[in-house]
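Listed below, chain by chain, are the residues.
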Amino acid sequence: MCPGVVFTSSSDQVFSFGFEISELCDPEPMRFRSFYTVAQNRWMQLYGSSFPTVALINGSAMATGCLLALSCDYRVMVKGHVIGLNEQQVGLVPPTWFTSTMLNTIGHRHTRTW
(Lines give C-alpha, C1' and ligand atoms only; values in the text may rest on other atoms or scores of the structure.)
Protein backbone atom coordinates (compact mmCIF):
# COMPACT_ATOMS: atom_id res chain seq x y z
CA MET A 1 0.00 0.00 0.00
CA CYS A 2 1.21 3.51 -0.85
CA PRO A 3 0.46 6.20 1.78
CA GLY A 4 0.89 8.95 -0.83
CA VAL A 5 3.17 10.42 -3.48
CA VAL A 6 4.86 13.82 -3.65
CA PHE A 7 6.13 15.11 -7.01
CA THR A 8 8.79 17.81 -7.09
CA SER A 9 11.98 18.68 -8.93
CA SER A 10 15.60 18.92 -7.91
CA SER A 11 15.78 22.12 -9.99
CA ASP A 12 14.66 25.45 -8.59
CA GLN A 13 13.81 26.70 -12.09
CA VAL A 14 11.86 23.87 -13.73
CA PHE A 15 9.27 21.56 -12.19
CA SER A 16 8.64 19.86 -15.54
CA PHE A 17 8.39 20.95 -19.15
CA GLY A 18 6.64 17.68 -19.98
CA PHE A 19 7.18 15.61 -23.10
CA GLU A 20 10.28 15.78 -25.24
CA ILE A 21 9.05 18.03 -28.06
CA SER A 22 11.04 16.11 -30.68
CA GLU A 23 8.82 13.10 -29.94
CA LEU A 24 5.73 15.10 -30.94
CA CYS A 25 6.86 16.96 -34.05
CA ASP A 26 6.74 14.88 -37.23
CA PRO A 27 6.75 11.57 -35.32
CA GLU A 28 7.06 8.08 -36.76
CA PRO A 29 3.45 6.77 -36.48
CA MET A 30 4.04 3.49 -34.59
CA ARG A 31 6.52 5.07 -32.19
CA PHE A 32 4.12 7.96 -31.53
CA ARG A 33 1.20 5.57 -30.91
CA SER A 34 3.27 3.70 -28.32
CA PHE A 35 4.52 6.95 -26.74
CA TYR A 36 1.01 8.42 -26.56
CA THR A 37 -0.52 5.23 -25.14
CA VAL A 38 2.08 4.99 -22.38
CA ALA A 39 1.63 8.69 -21.54
CA GLN A 40 -2.16 8.40 -21.35
CA ASN A 41 -2.00 5.21 -19.27
CA ARG A 42 0.37 6.87 -16.76
CA TRP A 43 -1.96 9.89 -16.57
CA MET A 44 -4.95 7.62 -15.90
CA GLN A 45 -3.03 5.87 -13.12
CA LEU A 46 -2.15 9.18 -11.48
CA TYR A 47 -5.46 10.97 -12.02
CA GLY A 48 -7.46 7.98 -10.82
CA SER A 49 -5.18 6.91 -7.97
CA SER A 50 -6.70 5.95 -4.64
CA PHE A 51 -3.84 7.41 -2.61
CA PRO A 52 -3.17 11.14 -2.05
CA THR A 53 -0.89 12.92 -4.51
CA VAL A 54 0.82 16.29 -4.11
CA ALA A 55 2.70 18.44 -6.62
CA LEU A 56 5.29 20.68 -4.95
CA ILE A 57 5.86 22.96 -7.94
CA ASN A 58 9.22 24.60 -7.31
CA GLY A 59 9.75 25.83 -10.87
CA SER A 60 7.93 26.36 -14.16
CA ALA A 61 5.48 23.66 -15.22
CA MET A 62 4.54 23.76 -18.88
CA ALA A 63 2.55 21.41 -21.11
CA THR A 64 2.63 17.90 -19.66
CA GLY A 65 4.35 19.25 -16.56
CA CYS A 66 1.21 21.31 -15.99
CA LEU A 67 -0.91 18.19 -16.62
CA LEU A 68 1.12 16.29 -14.02
CA ALA A 69 0.44 19.00 -11.44
CA LEU A 70 -3.26 19.26 -12.36
CA SER A 71 -3.63 15.49 -11.97
CA CYS A 72 -2.53 15.61 -8.34
CA ASP A 73 -4.96 16.02 -5.46
CA TYR A 74 -3.04 19.02 -4.12
CA ARG A 75 -0.71 21.59 -5.67
CA VAL A 76 1.65 24.06 -3.99
CA MET A 77 3.65 26.41 -6.22
CA VAL A 78 6.58 28.69 -5.49
CA LYS A 79 6.05 32.31 -6.55
CA GLY A 80 7.81 33.62 -9.62
CA HIS A 81 7.26 30.69 -11.99
CA VAL A 82 4.70 29.89 -14.67
CA ILE A 83 2.34 27.00 -15.26
CA GLY A 84 0.13 26.26 -18.24
CA LEU A 85 -0.67 24.30 -21.36
CA ASN A 86 1.46 25.94 -24.04
CA GLU A 87 1.00 23.37 -26.81
CA GLN A 88 -0.69 25.82 -29.16
CA GLN A 89 2.25 28.21 -28.86
CA VAL A 90 4.46 25.56 -30.47
CA GLY A 91 1.91 24.50 -33.10
CA LEU A 92 0.36 21.53 -31.33
CA VAL A 93 -3.22 20.99 -30.20
CA PRO A 94 -3.49 19.65 -26.64
CA PRO A 95 -5.39 16.37 -26.37
CA THR A 96 -8.92 16.54 -24.99
CA TRP A 97 -7.85 14.73 -21.83
CA PHE A 98 -5.32 17.54 -21.14
CA THR A 99 -7.92 20.29 -21.41
CA SER A 100 -10.58 18.24 -19.62
CA THR A 101 -8.23 17.74 -16.68
CA MET A 102 -7.64 21.49 -16.53
CA LEU A 103 -11.38 22.24 -16.74
CA ASN A 104 -12.16 19.72 -13.99
CA THR A 105 -9.44 21.12 -11.74
CA ILE A 106 -9.65 24.89 -12.12
CA GLY A 107 -12.92 25.50 -13.99
CA HIS A 108 -13.85 27.15 -17.29
CA ARG A 109 -13.09 30.75 -16.33
CA HIS A 110 -9.46 30.12 -15.29
CA THR A 111 -8.84 27.61 -18.07
CA ARG A 112 -9.64 30.28 -20.68
CA THR A 113 -7.02 32.61 -19.22
CA TRP A 114 -4.24 30.01 -19.41
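Going along each chain's sequence as written, the residues are numbered from 1 onward. At least 70 in pLDDT is required for a residue's local features to be given in this predicted model, at least 80 for side-chain atom pairs to be given and counted, and no such filter applies to totals for whole chains, interfaces and linings, which use all residues. Water and hydrogen atoms play no part in the side-chain values, which are based on all heavy atoms of the structure.

Participant: Sorry, what's going on with the packing of aromatic side chains here?
Facilitator: Working definition: an aromatic ring pair is given by the centre-to-centre distance plus the angle between the planes. A pair of Phe, Tyr and Trp rings is counted when the ring centres sit within 6.5 Å of each other, with Trp represented by its six-membered ring. The angle between the planes then sorts it: under 30 degrees is stacked, over 60 is edge-to-face, the rest tilted. Summed over all chains, the structure comprises five aromatic pairs. Centroid distance Tyr36 to Trp97: 5.7 Å. Interplanar angle 75°. Geometry classified as edge-to-face. In this pair, Tyr36 is assigned in helix α1 (residues 29–47) and Trp97 in helix α3 (residues 96–113), connecting sequence segments 61 residues apart. Classification of Tyr36 as partly exposed rests on a relative accessible area of 27%. When the centroid spacing of 5.2 Å and the interplanar angle of 15° are considered together, the rings of Trp43 and Tyr47 count as stacked. Of this pair, Trp43 and Tyr47 both sit in helix α1, four residues apart, which is roughly one turn of that helix. With relative accessibility at 16%, the residue Trp43 sits in the buried group. Only protein chains enter the calculation, and the probe is 1.4 Å; a residue is then buried if its accessible area is under 20% of its type maximum, exposed if over 50%, and partly exposed in between. On the basis of relative accessible area, Tyr47 is assigned to the partly exposed category, the value being 34%. Feature note: the residues Phe32, Tyr36, Trp43, Tyr47, Trp97 and Phe98 constitute an aromatic cluster, connected by ring pairs. Note on conventions: DSSP H or I runs of at least 4 residues are helices, E runs of at least 2 residues are strands, and numbering of each starts at the N terminus.

Participant: What's the story with unusual backbone geometry in this structure? I'm lost.
Facilitator: The bulk of non-glycine residues show a negative phi, and the bulk of peptide bonds are trans. Located in the positive-phi region is Ala63, a residue other than glycine, with phi close to 55°. Tracing the chain through its elements places Ala63 in the loop between β4 (60–62) and α2 (64–70). Classification of Ala63 by relative accessible area gives buried; the value is 11%.

Participant: Honestly, the sheet that holds strand β6 (residues 83–84) in this entry has me stumped. Any pointers?
Facilitator: Hydrogen bonds between backbone atoms are what pair the strands of a sheet, whose relative direction is either parallel or antiparallel. Reading across the sheet, the three strands line up as β2-β4-β6 and stay open at both edges, with parallel pairing between neighbours. Strand pairing shows two members of the sheet lacking a second neighbour, β2 (14–16) and β6, which therefore form its edges. The pairing of β4 with β6 spans two bridges and is classified as parallel. Pairing of Met62 across the sheet is with Gly84, part of β6. What makes two strands pair is DSSP finding at least two bridges between them.

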